[in-house]
Amino acid sequence: MIAHSFGRELLERYGSPLYVYDLDKAERQAKALFELLPKSAQVLYSVKANPIPELCAALKTAGCRVEIAAPLELRVVLEAGFAPDQILCSGPGKTASIVREMLLAGVTHFSCDSWYDLERLSAVALEAKKPANALLRLQVSGAPSGSVGVGAMQSHFGADPAELLNGGVARVGALRGAELAGIHIYSGGQIQSADKLAGTFEHAIRVAEEIAEAGVALRLLDLGGGFPWPFGTSDTPVDISALGEKLKRVNAQRRLTADAELWFESGRYLVASCGTLLSTVLDVKVALGGKTHIILDTGMVHLGGMAGLGRIYRAVASIEPLAGPDGGTLQSADVVGPTDYALDYVARDTSVPSLKAGDAVAIPNVGAYGLTASLVAFAGLQPPAEVCCRGTSVVAAHRLRMGHERI
Ligand SMILES: Cc1ncc(COP(=O)(O)O)c(C=O)c1O
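Residues numbered from 1 in each chain as written. Predicted model: local features only at pLDDT ≥ 70, side-chain atom pairs only at ≥ 80, totals over all residues. Heavy atoms only, no water.

Turning our eyes to something else, we now look at the overall build of the protein. The helix and strand tally for the protein stands at 11 helices and 17 strands. Along the three orthogonal principal directions, the C-alpha set of the protein runs to about 70 × 50 × 40 Å. For the protein, the residues scored as buried account for 56% of the 407 residues in total. Residue pairs at least 24 apart in sequence account for 72% of intrachain contacts in the protein once pairs closer than 6 positions are excluded. Surface summary for the protein: the accessible area is close to 17700 Å², and the carbon and sulfur share equals 52%. Taking the 37 positively charged and 42 negatively charged side chains of the protein as two groups, their mean positions are separated by 2 Å. (Helix = DSSP H or I, 4+ residues; strand = E, 2+ residues; numbered from the N terminus. Buried < 20%, exposed > 50% of the residue type's maximum accessible area, 1.4 Å probe, protein only. Contact = heavy atoms within 4.5 Å. Areas by Shrake-Rupley, 256 points an atom, 1.4 Å probe, with all protein chains shown as cover. Lys, Arg positive; Asp, Glu negative; His and termini not counted. Charge placed at Lys NZ, Arg CZ, Asp CG, Glu CD.)

Here it is as structure tokens:
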């Protein structure tokens, strides 16, 4: 929790609402994740979780690589100091022009979402005379229960493993510009236990072994992630400390892929906890029927906009007075945002301390899928400043540029 006086100082300097990111915390999370994984494993930070350059740079310092999908993210990670060969370009949205831009910038690793995507990479790499290592992303059957996002629904991501299991050797051998380096399996996000996480990695390793048995050499296995962290609430994080031991057992099952490098990906586990959204109460009113409504200067335009995209945010944020609990009684209230849109809820029927207009509040665990995953262009509100700190020193401040530009 941000110290009251520091939060107040930041609000005065940058205005309300305001995202605050604690870079030290992100580095600590990275260290904790590395400690759970096999020694030589790489951790890729999924930049879509939060593309603030200083946050990316902090994770670079902590030893991470990055996973990106778009030219803007490429610019951010290069600015953050990542070498092009520390970047994985992934996602199903690649075009020949995006692939060319990545290759010309020196990016060497690509996750291909289909065989077509792989052949396109191969053709562009051949023409650009650039090396390209491809991971074929594979569909997984059966999502780990309790996951959200990709694995929570019948996923459209990735290719059928049969592409490699049946006649894969010939297909791979026929590639000209790109080389198949390995496979990529991402089973879903927010996997709610060390057991389930280990289970998804075990499944991925089994698939990799089968492919290797079919004669396709794999020197790189990107096993995805799904490492959980609360979103917008002060709930206790799921304890995944047992993952290290479980992974030792899973990792020992590798035979034909024993020498392949292991990669893991994470967005939320690395950066969710470092972010806090500070906001100011604009009004408190009691509606017909007696329900208390607390109106904040932040809402779905700055937080939780991914609800419709399977991020399954259901207006349950924890609203904590910046001044800390006052020991008074809690009241039940709906906490709503500043737009005149009926679904602009921050938390429904939540227990909050007594608040009045002008009070500052904090919403914790919003460093991942916060501002850039929200409806920032809706309702004409200026995006909040985003401030990166170490302790009580401000390292950098940003504001997303908004508004239409004539083209
Ligand atoms: C392929 C892939 N990797 C990594 C991530 C990051 O997930 P998380 O932030 O839950 O760690 C995602 C999120 O959707 C993803 O689709």
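Here we come to the layout of surface pockets. If a probe as big as a water molecule is rolled over the atoms, it shows which places are left empty. Computed from the structure, the second largest pocket encloses a volume of approximately 610 Å³. Contributing to the lining of the second largest pocket are 18 residues, with P51, L72, V76, T372 and L400 lying nearest its centre. At the level of secondary structure, the elements contributing two or more residues to the lining of the second largest pocket comprise α4 (71–79) and β17 (393–399). In terms of residue class, the lining of the second largest pocket is made up of 8 nonpolar, 3 polar and 7 charged. (1 Å grid on protein atoms, 1.4 Å probe; cavity = no way out; pocket = protein on both sides within 12 Å on 5 of 7 lines; lining within 4 Å. Points joined across faces, edges and corners; volume = space filled by probe spheres on them. Nonpolar A, V, L, I, M, F, W, Y, C, P; charged D, E, K, R; others polar.)

Helices that pack against each other are described as a pair by the angle of their axes relative to one another and the distance between those axes. Orientation of helix α2 (residues 23–36) relative to helix α3 (residues 53–61), taken along the N-to-C sense of each, is 40°, at an axis distance of 9 Å. By the angle class used here, α2 and α3 are oblique. Note that α2 runs across α3; the crossing there is right-handed. Across the interface between the two elements, L23, A26, E27 and A30 from α2 touch E54, L55, A58, L59 and T61 from α3. Per-class residue counts for the contact of α2 with α3 are 6 nonpolar, 1 polar and 2 charged. (Axes fitted to C-alpha atoms, helices over the stretch in contact; angles between N-to-C directions. Parallel < 35°, antiparallel > 145°, perpendicular 65-115°, else oblique. Left-handed = near helix turned anticlockwise from the far one by under 90°.)

On domain assignment, one finds that the protein holds domain 1 (83–266) and domain 2 (273–399). Placing the centre of domain 1 and that of domain 2 at their C-alpha centroids yields a distance of 35 Å. (Domains from an automatic or database assignment.)

Let us now look at helix α10 (residues 243–251). The α-helix winds at 3.6 residues per turn, so residues separated by three or four positions along the chain end up facing the same way. Within the span of α10, buried status applies to L243, G244, L247 and V250. Each buried residue of α10 lies within a common arc of 120° when the element is viewed along its axis, so the set occupies one face. Residues E245 and K248 are exposed on α10 and point more than 90 degrees away from its buried face. Residues of α10 that are buried in the fold lie against α2, α9 (194–213) and β9 (261–266). (Arc of directions from axis to C-beta.)

This part is about the nonpolar core. Core analysis: the largest hydrophobic core is formed by 103 residues, its most contacted members being Y45, F110 and F227. The leading source of residues in this core is α9, at 9 residues. For this core, the domains that each give at least three residues are domain 1 (83–266) and domain 2 (273–399). Sequence-distant contacts of Y45, that is, excluding residues within four places in its chain, are made with N50, L55, C56, L59, R65, V66, E67, S266, G267, L270 and V271. (Core = buried A, V, L, I, M, F, W, Y, C linked by side-chain atoms within 4.5 Å.)

Listed as buried for α3 are P53, L55, C56, A58 and L59. In this fold, the buried residues of α3 make contact with α2, β2 (42–46), α4, α11 (268–271), β16 (385–390) and β17. Residue G63 follows α3 closely and has a positive phi angle near 100°.

Overall, the coordinates contain 16 salt bridges when judged by the stated rule. Linking R249 and E202 is a salt bridge whose minimum nitrogen-to-oxygen distance equals 3.6 Å. A residue pair is termed long-range when its members are at least 10 positions apart, and R249 in helix α10 and E202 in helix α9 qualify at 47 residues. Using a relative accessible area of 46% as the deciding quantity, one classes R249 as partly exposed. On the basis of relative accessibility, which here comes to 15%, the residue E202 falls in the buried class. Each of D24, E27 and R390 takes part in a single network of salt bridges with overlapping partners. (Salt bridge = Lys/Arg side-chain N within 4 Å of Asp/Glu carboxyl O.)

So, on to the side chain of Q42. Tracing the sequence through the fold places Q42 in strand β2. Classification of Q42 as buried rests on a relative accessible area of 18%. A polar side-chain atom of Q42 sits 3.0 Å from a polar atom in the side chain of R65. Once you skip the residues sitting within four places of it in the chain, Q42 turns out to touch R65, E261, L262, W263 and F264. (Polar contact = N/O pair within 3.5 Å; in protein donor to acceptor, adjacent residues only side chain to side chain.)

With that out of the way, let us pick up the packing of aromatic side chains. For the structure on display, the rule yields 7 aromatic pairs. Relative to F264, the ring of F227 lies with its centre 6.3 Å away and its plane at 55°, an arrangement referred to as tilted. Of this pair, F227 sits in the loop between β8 (220–222) and α10 while F264 is found in strand β9, placing the two residues 37 residues apart along the sequence. Like F264, F227 is buried. Centre to centre, the rings of Y341 and F378 are 5.6 Å apart; their planes meet at 75°, and the pair counts as edge-to-face. (Phe/Tyr/Trp six-rings, centres within 6.5 Å; stacked < 30°, edge-to-face > 60°.)

Attention shifts here to unusual backbone geometry. Following S16, the chain continues into P17 via a peptide bond in cis, with omega recorded as -5°. Turning to its location among the elements, P17 is positioned in the loop between α1 (4–14) and β1 (18–22). Although it is not a glycine, Y369 adopts a positive phi angle of roughly 55°. Relative to the helices and strands, Y369 is located in the loop between β15 (360–363) and β16. Judged by its relative accessible area of 8%, Y369 falls in the buried class. Positive phi values are uncommon outside glycine, yet A379 reaches one of about 75°. With respect to the helices, strands and loops of the structure, A379 is situated in the loop between β15 and β16. Classification of A379 by relative accessible area gives partly exposed; the value is 45%.

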